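Commentary on secondary and tertiary structure
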Amino acid sequence: MYDYGTFANGKWQSDGQSSFATWNPASPAQQAGRYRHTAPSSIDTIVSDARAAQEQWGRRPPVERARIVGEFLARIEAKAEPIAVAITREQGKPIGEARGELAKSLREARFMVSQGAQADGSVVNSQRRGVRNLVIRRPRGVIAAITPWNFPVLTPMRKIVPALVYGNAIVLKPSEFTPAAVCLIAEASANVLPDGLLQIVLGGADVGRALAESRGIDGLTFTGSVEVGRSVYQLAARNLAEVSLEMGGKNAAIINDTDDLDRCLDQITGAAYQCAGQRCTAISRVIVQERLASDVIAGLVRRAGAFRLGDGMDPSTTMGPLIHKAHLNRVDSLVRQGIEEGARLVVGGAPAVVSGLEDGFFYQPTVLADVRPEMVVAREEVFGPVISVIAYEEFEEALRILNGTEYGLTSALFSNDNRCIQRFLDVSAHGMMHVNHGTIPDDHMPFGGIRNSGVGAYSVGRSAGNFYTTEHSAYLQYE
């Protein structure tokens, strides 16, 4: 059983504070870990210690920082299997998905190390003779990070690694439902990173609030719901801290035409049902041309029925449970509300009972047909294994439906019509757009959203450094 407290100044703190437990969502009676809450009153001291560590770390050359962070990543990779097991035990996803999550995290991290090692400035021609203009970027300082439970490694690593390689210290609060993986990552930092550079605080909303409103932080990066994102945005604004927010999505795939419907539906099903649909980039709406609707629905039903629900540690499991009972109830409530509003249940639509795991938080892979854009199930983020199928006649109608939510994270189009593809790229109101494949992002591409899905710099790619550094203009007169 995992047993951790606050990780501060390179040591685990065990001072008898109140504790909380984590549980296996596939078998909720099985305790996974026991953790000590970080006292909110201690946050300012932890942030102050991070400041002291950052002042030394930020003076090191970028190439040296990159080398040290690379050693840190090698230590994490050496613990790959225990970290993957920790993901599955607390989050529930199949062990294969957990291993894939860690592998992708490391690929993204190594790309960001290469970015951070490069020159962090530029020369700009001056408008005056005898003057050379420079644009210089410096480490921002102390970064606060708050991460969710659905990707216990991928999301924290998207914040930890760029923060470090660009010369910052970071104080991170993982979700109280899935802290074990981050604690194992913190252990990997021992004797590699300077003490105080990476610190982990544990607990619920009170700890997150104390971290977000600490006057000692220079930047706040958050991944989670829109509701909580608004709250942490307001807290950070009080201290004028820079923010990078990644929030929810109500992502859709338009199927306009395709010469390979099976490949198309394989892509959509993978994007919709991975992590039991508990992904901000999950496809939850399929907007399909009317002439293809019946074939699309039949294909989705076949694929939904092929999943095997079970404990993620069972290698035959292809879909794990939802994270906890309250979330299971919310998903079920939204599905039932959709049916009450006129959606037609095609498959699934209820909690699943798995033999030997009768108390697990499983939900049947679900397909709803005859969904209308104004229905709650078509507008709100379900965050479960639920696909809503919406039919359309004209392509412009499909685009209106696509953009007709408050979110703007990711979208997909399946079509061989170049005019439709170009129109989609022009008007899709989403930070990430995919043509003829699902919503799985590359390891080096910008990751983020617009509208209510994101604020500030994206978390991967060249522009990520804009959050982790500050910009300065310098003028050198030499004549």
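Before going into details, it helps to say that this report is about the structure given with it. Note that this is a predicted model, so its numbers are computed, not measured.

Rules of the game
Residues numbered from 1 in each chain as written. Predicted model: local features only at pLDDT ≥ 70, side-chain atom pairs only at ≥ 80, totals over all residues. Heavy atoms only, no water. Helix = DSSP H or I, 4+ residues; strand = E, 2+ residues; numbered from the N terminus. Polar contact = N/O pair within 3.5 Å; in protein donor to acceptor, adjacent residues only side chain to side chain. Contact = heavy atoms within 4.5 Å. Axes fitted to C-alpha atoms, helices over the stretch in contact; angles between N-to-C directions. Parallel < 35°, antiparallel > 145°, perpendicular 65-115°, else oblique. Left-handed = near helix turned anticlockwise from the far one by under 90°. Nonpolar A, V, L, I, M, F, W, Y, C, P; charged D, E, K, R; others polar. Buried < 20%, exposed > 50% of the residue type's maximum accessible area, 1.4 Å probe, protein only. Pairing = 2+ DSSP bridges. Salt bridge = Lys/Arg side-chain N within 4 Å of Asp/Glu carboxyl O. Right-handed = clockwise from strand over helix to strand, strands pointing away.

Within the fold, Thr-410 resides in strand β18 (residues 410–414). Among the polar contacts listed, one links the side chain of Thr-410 to the backbone oxygen of Met-432, at a separation of 3.3 Å. Within polar-contact distance, the side chain of Thr-410 engages the side chain of His-434 at 3.4 Å. Ignoring any residue separated from it by four or fewer positions in sequence, one finds Thr-410 in contact with Asn-251, Ala-252, Thr-281, His-430, Met-432, His-434 and Thr-439.

In the contact formed by helix α13 (residues 395–402) and helix α14 (residues 418–427), the axes pass within 11 Å of each other and the chain directions differ by 25°. For the element pair α13 / α14, the angle class is roughly parallel. Pair α13 / α14 crosses with right-handed handedness. Within the contact between the two elements, α13 uses Phe-395, Glu-396, Leu-399 and Leu-402 and α14 uses Cys-420, Arg-423, Phe-424 and Val-427. For the contact of α13 with α14, the residue count by class is six nonpolar, no polar and two charged.

Now for the pairing of strand β19 (residues 432–435). Residues Met-432 and His-434 line the buried face of β19, whereas the alternating positions Met-433 and Val-435 sit on a face that is not buried. When β18 meets β19, the two strands line up parallel, connected through four bridges. Of the residues in β19, the one forming a bridge with Ser-411 is Met-433.

A complete count under the given rule lists 27 salt bridges for this structure. Ionic pairing is found between Lys-104 and Glu-108, a salt bridge with its closest N-O pair at 3.3 Å. Taken together, the positions of Lys-104 and Glu-108, both in helix α4 (residues 95–117) and four residues apart, correspond to about one turn of that helix. Classification of Lys-104 as buried rests on a relative accessible area of 12%. Residues Arg-336 and Asp-332 are paired through a salt bridge, measuring 3.1 Å at the closest nitrogen-oxygen approach. Here Asp-332 and Arg-336 lie together in helix α11 (residues 325–340), a separation of four residues that amounts to about one turn.

Attention now goes to the sheet that holds strand β14 (residues 283–289). The mixed open sheet is built from seven strands, whose spatial order is β15-β16-β17-β14-β13-β18-β19. Lying at the two open borders of the sheet, with one neighbouring strand each, are β15 (344–347) and β19. Strand-to-strand twist across the sheet, computed as the mean angle between neighbouring axes with direction ignored, equals 20°. Two strands pair when backbone bridges link them, and strand β13 (residues 251–255) and β18 are joined in this way by four bridges, in the parallel orientation. Within β18, the residue paired with Ala-253 across the bridge is Ala-412. Across the sheet, α14 touches β18 and β19, and the angle it forms with β19 is around 170°.

The next thing to look at is the pairing of β14. With seven of seven residues buried, β14 is to be regarded as a mostly interior element. As judged from the five bridges shared by β13 and β14, these two strands associate in the parallel manner. The residue bridging Asn-251 from the neighbouring strand is Ile-283, located in β14. This β-α-β element, β13 to helix α9 (residues 261–273) to β14, shows right-handed connectivity. Bridge count between β14 and strand β17 (residues 386–392): five bridges; the pairing is parallel.

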